[in-house]
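Geometric and topological summary
Residue-level listing of the chains:
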Amino acid sequence: MKGNQRCQKILADGQTLLEVVGGRLRSVFLPMVQTIGNHFLSQARKLENFVAPNLRSVGCNFLFENKGIKNLSLPKLKTVGDDFLALNQKLESLEAPTLRYVGENFLLSNRALKSLSLPSLCFASSSFLEENEILEHLYLPNISEVGERFLMSNEALTSLRFPKLTHAGECFLFNNGILSDFQAEELTIVGDSFLASNSKIKYIYLPKLAYLGSAFFCANSVFEAYLPCLKNEFLEENVTNAIIRFSHHKNNEPQSQNNSGLINQKQRD
């Protein structure tokens, strides 16, 4: 063992439940636990393995600021509190196939995260996946409502698919530098700065969008938008530093800038 560090184990029915190396917790196995409260293993920085096959719910600060776990699977988890797995520097993948509800700061600033599987997720509070540098693609087939700062400042994210999303809070998709493909055909209501500072998005198709906050198109250099349910006053109030081609017909090809549906900030001034 490295440095001749002492290894201690706690066993039950022949199974290792806890393993401590050099005075630091390295491994946790909880085969029967279904519910965990707040601050469980918060700042357990040397923990490398966590297994809880029957875990259903956890409170706030679960495995907060962990620096050892790379892969985590929680097959029966359904709800989590705030700061779930926030500030985990080495986490590369998370699988939670039954997870439905998450609190604030879910996976906040996980700079090694490459893979995320949440097929049952329905609701996410604010700051979901904020500041993740490696994750490139995200598909959430059942997400229907999200809070503020959802997917804010994710530097590697290129494509998103949310087929059931209907409501989104402020700063949704704010400042994702290379995001180019966004799909949410059921989206109806969004807050302020919804797609602000996403310079690579050139076209959006949101056939059911009816209400939006301010600065919707801010700092998106060229934009073609299919928004048949959105009233014109919303468009006029939200065009800033952008060229918007507003169409009532789905069209994946950019139209000419002389199109009658063109709304240009300079023309308004």
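Since the structure is predicted, the reported quantities are computational estimates derived from the model, not experimental observations.

Here is what the cut-offs are and how they apply
Residues numbered from 1 in each chain as written. Predicted model: local features only at pLDDT ≥ 70, side-chain atom pairs only at ≥ 80, totals over all residues. Heavy atoms only, no water. Helix = DSSP H or I, 4+ residues; strand = E, 2+ residues; numbered from the N terminus. Buried < 20%, exposed > 50% of the residue type's maximum accessible area, 1.4 Å probe, protein only. Patch = residues over 30% accessible without salt bridge, like charges linked within 9 Å, V, L, I, M, F, W, Y side chains within 5 Å. Areas by Shrake-Rupley, 256 points an atom, 1.4 Å probe, with all protein chains shown as cover. Salt bridge = Lys/Arg side-chain N within 4 Å of Asp/Glu carboxyl O. Lys, Arg positive; Asp, Glu negative; His and termini not counted. Charge placed at Lys NZ, Arg CZ, Asp CG, Glu CD. Core = buried A, V, L, I, M, F, W, Y, C linked by side-chain atoms within 4.5 Å. Contact = heavy atoms within 4.5 Å. pLDDT = per-residue confidence, 0-100. Phe/Tyr/Trp six-rings, centres within 6.5 Å; stacked < 30°, edge-to-face > 60°. Lys NZ or Arg CZ within 6 Å of the ring centre and 35° of its normal. Polar contact = N/O pair within 3.5 Å; in protein donor to acceptor, adjacent residues only side chain to side chain. Pairing = 2+ DSSP bridges. Axes fitted to C-alpha atoms, helices over the stretch in contact; angles between N-to-C directions.

**Things to note about unusual backbone geometry**
Phi is positive for serine 127, which is not a glycine, with a value near 60°. Mapped onto the elements, serine 127 comes out in the loop between strand S12 (123-124) and strand S13 (137-139). Its relative accessible area of 2% is what places serine 127 among the buried residues. Even without being a glycine, cysteine 171 presents a positive backbone phi close to 60°. As for its position among the elements, cysteine 171 is in the loop between strand S16 (167-168) and strand S17 (181-183).

**Description of a positive patch on the surface**
The grouping of Arg24, Lys46, Lys67, Lys70 and Lys90 at the surface amounts to a positive patch. Here lysine 90 is to be found in the loop between strand S8 (79-80) and strand S9 (93-95).

**Focus on the environment of isoleucine 10**
By secondary structure assignment, the location of isoleucine 10 is in strand S1 (residues 7-12). Residues isoleucine 10 and valine 28, 18 residues apart in the sequence, show an inter-C-alpha distance of 9.8 Å.

**Some details on the nonpolar core**
Membership of the largest hydrophobic core comes to 63 residues, with the highest contact counts inside it found for Phe50, Phe128, Phe162 and Phe182. Not counting the four nearest positions on each side in its chain, phenylalanine 162 is found in contact with Leu138, Leu140, Ile143, Phe150, Leu151, Phe172, Phe182, Gln183, Ala184 and Glu185.

**Considering the pattern of salt bridges**
Under the counting rule described, the total for this entry stands at six salt bridges. Two residues, arginine 111 and glutamate 131, come together in a salt bridge whose shortest N-O distance is 3.6 Å. Placement of arginine 111 in the loop between strand S10 (101-102) and strand S11 (115-117) and of glutamate 131 in the loop between S12 and S13 is noted, with a sequence separation of 20 residues between them. Assessed through its relative accessible area of 36%, arginine 111 is described here as partly exposed. Glutamate 186 is the salt-bridge partner of lysine 208, the closest N and O atoms lying 2.7 Å from each other. Here lysine 208 is found in the loop between strand S19 (203-205) and strand S20 (222-226), whereas its partner glutamate 186 is found in the loop between S17 and strand S18 (189-190), with 22 residues between them in sequence. Its relative accessible area of 40% is what places lysine 208 among the partly exposed residues. Salt bridges sharing common partners tie together Glu130, Glu148 and Arg149.

**So, the confidence of the model for the protein**
With 80% of its residues at a pLDDT of 70 or more, the protein has an overall mean of 80. Counting contacts from residues 239-243, a segment whose pLDDT is below 50, to residues more than four positions away or on other chains yields 27 contacts.

**A few points about the environment of alanine 168**
In this structure, alanine 168 sits in strand S16. With 18 residues separating them along the chain, alanine 168 and phenylalanine 150 place their C-alpha atoms 8.1 Å apart. In this structure, alanine 168 is in contact with Val146, Leu187, Ile189, Val190, Gly191 and Phe194, ignoring residues within four places of it in sequence.

**Topic: the packing of aromatic side chains**
Applying the stated criterion to the full structure yields 15 aromatic pairs. Ring geometry for phenylalanine 106 against phenylalanine 128: centres 5.1 Å apart, planes inclined by 5°, an arrangement best described as stacked. Linking phenylalanine 106 in the loop between S10 and S11 with phenylalanine 128 in the loop between S12 and S13, this pair joins segments that are 22 residues apart in sequence. Look at phenylalanine 162 and phenylalanine 182: their rings are 6.4 Å apart centre to centre, the planes differ by 70°, and that puts the pair in the edge-to-face class. Note that phenylalanine 162 is positioned in the loop between strand S15 (159-161) and S16 and phenylalanine 182 in strand S17, a separation of 20 residues in sequence. Accessibility assignment for this pair places phenylalanine 162 and phenylalanine 182 in one class, buried. The rings of Phe40, Phe50, Phe62, Phe84, Phe106, Phe128, Phe150, Phe162, Phe172, Phe182 and Phe194 are connected pair by pair, giving a single aromatic cluster. A cation over an aromatic ring shows up here: arginine 161 above the ring of tyrosine 139, its NZ or CZ 4.5 Å from the ring centre.

**Some thoughts on the side chain of asparagine 110**
Following the sequence through the fold, asparagine 110 ends up in the loop between S10 and S11. Residue asparagine 110 is classed as buried on the basis of its relative accessible area of 0%. At 3.3 Å, the side chain of asparagine 110 forms a polar contact with the backbone oxygen of leucine 108. Setting aside chain neighbours within four positions, we find asparagine 110 in contact with Leu85, Ala86, Leu87, Asn88, Leu91, Glu131, Asn132 and Glu133.

**Things to note about the sheet that holds S15**
Spatially, three strands are ordered S13-S15-S17 in an open sheet, and the strand pairing comes out parallel. Looking at the sheet topology across the chains shown, the edges are occupied by S13 and S17. Strand-to-strand twist across the sheet, computed as the mean angle between neighbouring axes with direction ignored, equals 5°. Both S15 and S17 contribute to a ladder of three bridges, which runs parallel. In the sheet register, arginine 161 faces S17, and the bridge partner there is glutamine 183.

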